[in-house]
Amino acid sequence: MSFRPSENTSNHAKGPSRKWEEDVKPGDPVFEDARIDDLIIVSVTSIPAHNHYAHVLEASRARQVQEKALYCGSEIMKVNHGLESCTRHISVTTIQLPEDHQVWPGRRLVLVDTPGFNDSDQTERETFRRISTWLAQSYDKGTKITGLVYLHAINQTRMTAAALLSYDVFHSICGRNAVSRVVMATSQWDTIALPIGEYRENELRTRWWKEIMDQGAHYQRIEEPLRDIVGIVEHLLAKHAVSTQIQEELVDMDKRIAETEAGKKLTGRLERMLGSPNTDHLSQEKEEELKGSGFPLDGALLDRVKSLFRRKKGRNPPSHSTHQDFDHPPNN
């Protein structure tokens with residue numbers, strides 16, 4: 001897969017201005033050889049993770065040695081950061097589907113791996129910007145999304161503020177039009193006792209993820225990674241491609257990233273996280289993040305947030321928390 005520095009090219013009609021392009025930074029990866037008939041599946045995770053499609057690629061390589069690749073066809077393209085490294089940038093892998101594929105014979109499958117929202121090496125806003133601009137650029141070239149996969153590690157003992165942020169932003173990125181192309185998946189089942197995992201799974205499906213599940217998202221456990229990840233891909237390939245809400249907002253409605261529903265959701269969540277009663281100061285890093293370009297966090301708001309921290313400094317945190325323990329039902 002080849003990448004090039006960002007350029008302002010488009011298959012959509014250009015108006016007097018293209019606001020979303022102002023959020024693109026030099027050196028951002030671009031899907032250079034995008035095709036209108038590409039079958040694109042995007043994965044998002046609530047925590048930093050290894051390449052989500054590693055098992056698909058490992059299976060492909062193993063079967064190539066045994067005469068046949070997983071999806072048979074041309075050699076799998078190289079993953080930018082390798083199977084063992086954490087995904088800190090968007091990586092794109094293409095696989096040629098076999099000519100006898102039941103749904104899309106001979107078509108090109110594009111697997112897009114995105115950074116986690118809780119990555120210590122970059123802010124949540126930067127992760128969101130990278131995902132949003134990649135989606136806008138690919139849509140601007142005429143492509144649509146075949147499916148989106150949201151990954152959550154079932155061994156997480158709590159639904160943290162960062163995990164809630166990731167879910168809320170992901171939901172808003174998709175929008176109602178694309179939610180039927182979403183798979184909400186849980187992984188790492190082999191690291192916990194089954195009853196604990198089942199309790200957390202129920203909490204996710206009936207409480208934390210209830211809205212997106214009610215709107216038509218599909219749920220899948222990843223217990224045997226090779227089998228289940230390939231199953232997710234095949235499930236999504238059975239559906240027709242659609243545009244996501246953020247793609248339509250950025251390209252069709254000509255918005256800046258901060259003006260989208262997902263951008264507003266991210267801003268609101270960050271404000272609440274910064275105003276958490278469990279934090280007694282505003283770090284320099286977070287202050288710089290607030291001052292970052294693109295998001296409507298002006299000086300007056302920054303002063304209010306800093307004032308909130310000053311008022312809370314020295315107080316004992318209240319009994320409630322932004323974290324919810326999965327292993328015990330919430331207190332009523």
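For the structure itself, consult the block above.
Residues numbered from 1 in each chain as written. Predicted model: local features only at pLDDT ≥ 70, side-chain atom pairs only at ≥ 80, totals over all residues. Heavy atoms only, no water.

1. Points about the pattern of salt bridges
Then, number 1: Summed over the entire model, instances satisfying the criterion amount to 20 salt bridges.
Then, number 2: The salt bridge partner of Glu 223 is Arg 221, with a shortest N-O separation of 3.3 Å.
Then, number 3: Among the ionic pairs, Lys 255 bridges to Glu 249, the shortest N-O distance being 3.0 Å. This pair shows no difference in class: Lys 255 is buried, exactly as Glu 249 is.
Then, number 4: Connected through salt bridges with shared partners, the residues Lys 25, Asp 28, Glu 126, Arg 129 and Arg 130 form a single ionic network. (Salt bridge = Lys/Arg side-chain N within 4 Å of Asp/Glu carboxyl O. Buried < 20%, exposed > 50% of the residue type's maximum accessible area, 1.4 Å probe, protein only.)

2. A short note on the sheet that holds strand β1 (residues 39–45)
Then, number 1: Taken in spatial order, the 6 strands of this open sheet run β2-β3-β1-β4-β6-β7, and their pairing is mixed. Edge positions in the sheet fall to β2 (91–96) and β7 (218–221), since each of these pairs with one other strand and no more. Strand-to-strand twist across the sheet, computed as the mean angle between neighbouring axes with direction ignored, equals 20°.
Then, number 2: As paired elements, β2 and strand β3 (residues 108–113) share 6 bridges and run antiparallel to each other. Bridging from a neighbouring strand, Ser 91 pairs with Asp 113 of β3.
Then, number 3: The strands that helix α4 (residues 194–208) touches are β4 (145–153), β6 (182–187) and β7; relative to β7, the one it contacts most, it runs at about 165°. (Pairing = 2+ DSSP bridges. Helix = DSSP H or I, 4+ residues; strand = E, 2+ residues; numbered from the N terminus. Axes fitted to C-alpha atoms, helices over the stretch in contact; angles between N-to-C directions. Contact = heavy atoms within 4.5 Å.)

3. Examining unusual backbone geometry
Then, number 1: A positive phi angle, close to 60°, is found at Gln 188, a residue other than glycine.
Then, number 2: Along the chain, Gln 188 turns up in the loop between β6 and α4.
Then, number 3: Gln 188 gets classed as partly exposed once you look at its relative accessible area, which sits at 35%.

4. Focus on the packing of aromatic side chains
Then, number 1: Per the stated rule, a full pass over the model turns up 4 aromatic pairs.
Then, number 2: Look at Phe 31 and Trp 134: their rings are 5.8 Å apart centre to centre, the planes differ by 20°, and that puts the pair in the stacked class. One end of the pair, Phe 31, is in the segment before β1; the other, Trp 134, is in helix α2 (residues 124–140), with 103 residues separating them in the sequence.
Then, number 3: Owing to a relative accessible area of 2%, Phe 31 belongs among the buried residues under this scheme.
Then, number 4: Aromatic pair Tyr 150 and Trp 209: ring centres 5.9 Å apart, planes at 90°, arrangement edge-to-face. With Tyr 150 in strand β4 and Trp 209 in the loop between α4 and α5 (210–214), the pair connects residues that are 59 residues apart, well separated along the chain. Accessibility classification places Tyr 150 together with Trp 209 in one group, the buried group.
Then, number 5: In this structure an aromatic cluster arises from ring pairing among Tyr 150, Tyr 167, Phe 170 and Trp 209. (Phe/Tyr/Trp six-rings, centres within 6.5 Å; stacked < 30°, edge-to-face > 60°.)

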